[in-house]
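# Notes for the structure review
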Amino acid sequence: MTTSAAGVQRRAVAFFVLPFGALFTLFYLVPIGYAVVQSLYVVERTGTFGPAREVFGGLVQYQRVFSDSPFWQSIVRVLAFGVVQVPVMLGLALLLALLLDSGLIRGRRFFRLAFFVPYAVPGVVAAIMWGFLYSPNLSPFTALTSNVDLLSADLVLWAMANVVTWVYVGYNMLIIYSALLAIPTEVYEAARLDGAGHLRTAWSIKIPLVMPAIVLTTVFSIIGTLQLLAEPQVFRSFSSAVSSTYTPNLTVYSTSSVPNFNLAAAFSVVLALATFALSFTFLKVTQRRGER
C-alpha cells in the first residue's frame, strides 16, 4: 500500500470515527467525569444561616455511601430481583424466538410485532397501567386483587418484576430471533438428515449457536436491573411499601432532590462501579465456560 493510499484510508477512518468519538466524549465521558468531580466535594455553611459553598472533601461522600445501610439494602433487593426476573424474562424471550423460528406457527410477522409492542410502551406508562391493574380499588380484576395484595411489602417487588418482564420480553426476543436467522440453513438440513426433530434441533443446535446473543441480552438485563427507577418511582403512588430508597437509582434520585448533588454523585459512581463489576464478572465467567 502506497503512502498516499494509507493516508486516504486513515482520513476515511477518522471521518467515520470522529463524530462517534465526539458524541461519546460529550454525552458519556464528560458526565462521568463531572459526577466523579462532584462526588469529591462537600457543602459547608458559615454559621446556621450562612451561604452554602462547596469545598473539597476528598472521600467524605464515599464514607457516607459505604455507611448508608438503606443503599446497600436496595442493592441486595435489586440483585434478588434480577436473580429471579432475568432468567424468567430471557427464558420466555428464548422460547418465543424458537417458536417464531420453528415454522410451526402461522402469522410469524404478526406475532413478532405483537411480542415487541409492549417495548414500544414507555416504562412510566407501563408502570402506571399495571399499577391500576394491581390496585384493589381500581383494578377490573377485583376477584384477584381483593384476595391477593400485589402491592404489599412482600409482593410489590415481584409485581414490578412482572411489569419489567412484560415490557422487555419482546425486545430480547428480537435480539435472539435475529441471531437464529443468521444460522446457515445447511446446519438445519444436516440435522434433519441425521433424524433430529424440532426439539432436538432447538436444544443441540439453535440454543448453543445463539448463546452469544443470550449472553448479550443477559448483560443488558443486569445493567437494567441495577438501574431500576421508573417502575418503583411510579409504584410509590400505589404502595406505601416502596420507599424513597427502595432501589439504588431511586436513592440517587431522592438524594439529588433534597438537594444533595454531591452525595447523589457519590451514590452514582459507586452504583456504576458495581454495575461494571457485576457485568464484567458475568462476561468472564461465560467466556471461561465457552473456552472449556
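Here, every reference points to the structure presented above.
Scope of this entry: the structure provided in the associated data block. (Residues numbered from 1 in each chain as written. Predicted model: local features only at pLDDT ≥ 70, side-chain atom pairs only at ≥ 80, totals over all residues. Heavy atoms only, no water.)

## Some points on the overall build of the protein
Summing up its helical and strand segments, the protein has 13 helices and two strands in all. A globule of 292 residues ought to have a C-alpha radius of gyration of about 19 Å, yet the protein, at 24 Å, is considerably larger. C-alpha atoms of the protein, sized along the principal axes, occupy 85 × 75 × 35 Å. Among the 292 residues that make up the protein, the fraction classed as buried is 36%. (Helix = DSSP H or I, 4+ residues; strand = E, 2+ residues; numbered from the N terminus. Rg over C-alpha atoms; globule rule 2.2 N^0.38 Å. Buried < 20%, exposed > 50% of the residue type's maximum accessible area, 1.4 Å probe, protein only.)

## Section: the packing of helix α5 (residues 123-134) against helix α7 (residues 156-181)
The N-to-C vectors of α5 and α7 enclose an angle of 135 degrees; their axes lie 10 Å apart at closest approach. On the basis of the axis angle, α5 is oblique to α7. Note that α5 runs across α7; the crossing there is right-handed. Every residue of α7 that contacts α5 at A126, A127, M129, W130 and Y134 is listed here: A159, N162, V163, W166 and V167. Considering only residue class, the contact of α5 with α7 consists of nine nonpolar, one polar and no charged. (Axes fitted to C-alpha atoms, helices over the stretch in contact; angles between N-to-C directions. Parallel < 35°, antiparallel > 145°, perpendicular 65-115°, else oblique. Left-handed = near helix turned anticlockwise from the far one by under 90°. Contact = heavy atoms within 4.5 Å. Nonpolar A, V, L, I, M, F, W, Y, C, P; charged D, E, K, R; others polar.)

## Quick look at the packing of α7 against helix α10 (residues 211-226)
Running from N to C, α7 and α10 cross one another at 160 degrees; their axes reach a closest spacing of 9 Å. Accordingly, the angle class assigned to the pair α7 and α10 is roughly antiparallel. Like other packed secondary-structure pairs, α7 and α10 cross with a definite hand, here right-handed. When α7 is examined against α10, the residues Y171, N172, I175, I176 and A179 are found in contact with a partner set consisting of A213, I214, L216, T217, F220 and S221. Grouping the amino acids of the contact of α7 with α10 by side-chain chemistry returns eight nonpolar, three polar and no charged.

## Quick look at the side chain of S135
By secondary structure assignment, the location of S135 is in the loop between α5 and α6 (142-145). With residues up to four places along the chain from it excluded, the contact list for S135 reads T145 and L151.

## Quick word on the environment of M160
Its location among the elements puts M160 in helix α7. It is 8.9 Å that separates the C-alpha atoms of M160 and G131, two residues lying 29 residues apart in sequence. For M160, the residues in contact, after removing those within four places along its chain, are F81, E231, P232, F235 and Y246.

## Structural notes on the pattern of salt bridges
Under the counting rule described, the total for this entry stands at one salt bridge. Between K206 and D101 there is a salt bridge, and its shortest N-O distance comes to 2.9 Å. Linking K206 in helix α9 (residues 198-209) with D101 in helix α3 (residues 69-102), this pair joins segments that are 105 residues apart in sequence. For the residue pair K206 and D101, the accessibility class agrees, reading buried in each case. (Salt bridge = Lys/Arg side-chain N within 4 Å of Asp/Glu carboxyl O.)

## Observations concerning the packing of aromatic side chains
Any pair of aromatic rings gets described here by the distance separating the centres and the angle formed by the planes. Within the structure shown, the criterion is met by 19 aromatic pairs. By way of ring pairs, the aromatic residues W130, F132, Y134, W166, F235 and F238 are connected into one cluster. Between the NZ or CZ atom of R77 and the centre of the ring of Y246, over which it lies, the distance is 4.4 Å. Taking NZ or CZ as reference, K206 lies 5.3 Å from the ring centre of Y188, over its face. (Phe/Tyr/Trp six-rings, centres within 6.5 Å; stacked < 30°, edge-to-face > 60°. Lys NZ or Arg CZ within 6 Å of the ring centre and 35° of its normal.)

## So, α5
The end-to-end C-alpha distance of α5 is 16 Å, a good match for the 16 Å that 12 residues give at a rise of 1.5 Å each. Among the residues of α5, A126, A127, W130, G131 and Y134 are the ones counted as buried. Looking straight down α5, one finds that the buried residues subtend no more than 135 degrees of arc, so they occupy a single side. Buried-residue contacts for α5 involve α6, α7 and α11 (230-235). (Expected span 1.5 Å × (residues − 1). Arc of directions from axis to C-beta.)

## Considerations on the nonpolar core
Ranked by internal contacts, the top residues of the largest apolar core, which has 22 residues, are L94, A97, L98, M173, I176, L180 and V210. If you list the elements that add at least two residues to this core, you get α3, α7, α8 (185-193) and α9. A per-element tally of this core places α3 first, with nine residues. Residues A126, V163, V234 and Y246 belong to the second largest nonpolar core, which totals 21 residues. (Core = buried A, V, L, I, M, F, W, Y, C linked by side-chain atoms within 4.5 Å.)

## A short note on a nonpolar patch on the surface
Nonpolar side chains collect at one region of the surface, where V83, V84, V88, L92, L95, L99, F141, L144, V148, L155 and W158 lie side by side and expose about 930 Å² of accessible area between them. Counting residues per element, the nonpolar patch draws most heavily on α3, which supplies six residues. Counting through the fold element by element, F141 comes out in the loop between α5 and α6. (Patch = residues over 30% accessible without salt bridge, like charges linked within 9 Å, V, L, I, M, F, W, Y side chains within 5 Å. Areas by Shrake-Rupley, 256 points an atom, 1.4 Å probe, with all protein chains shown as cover.)

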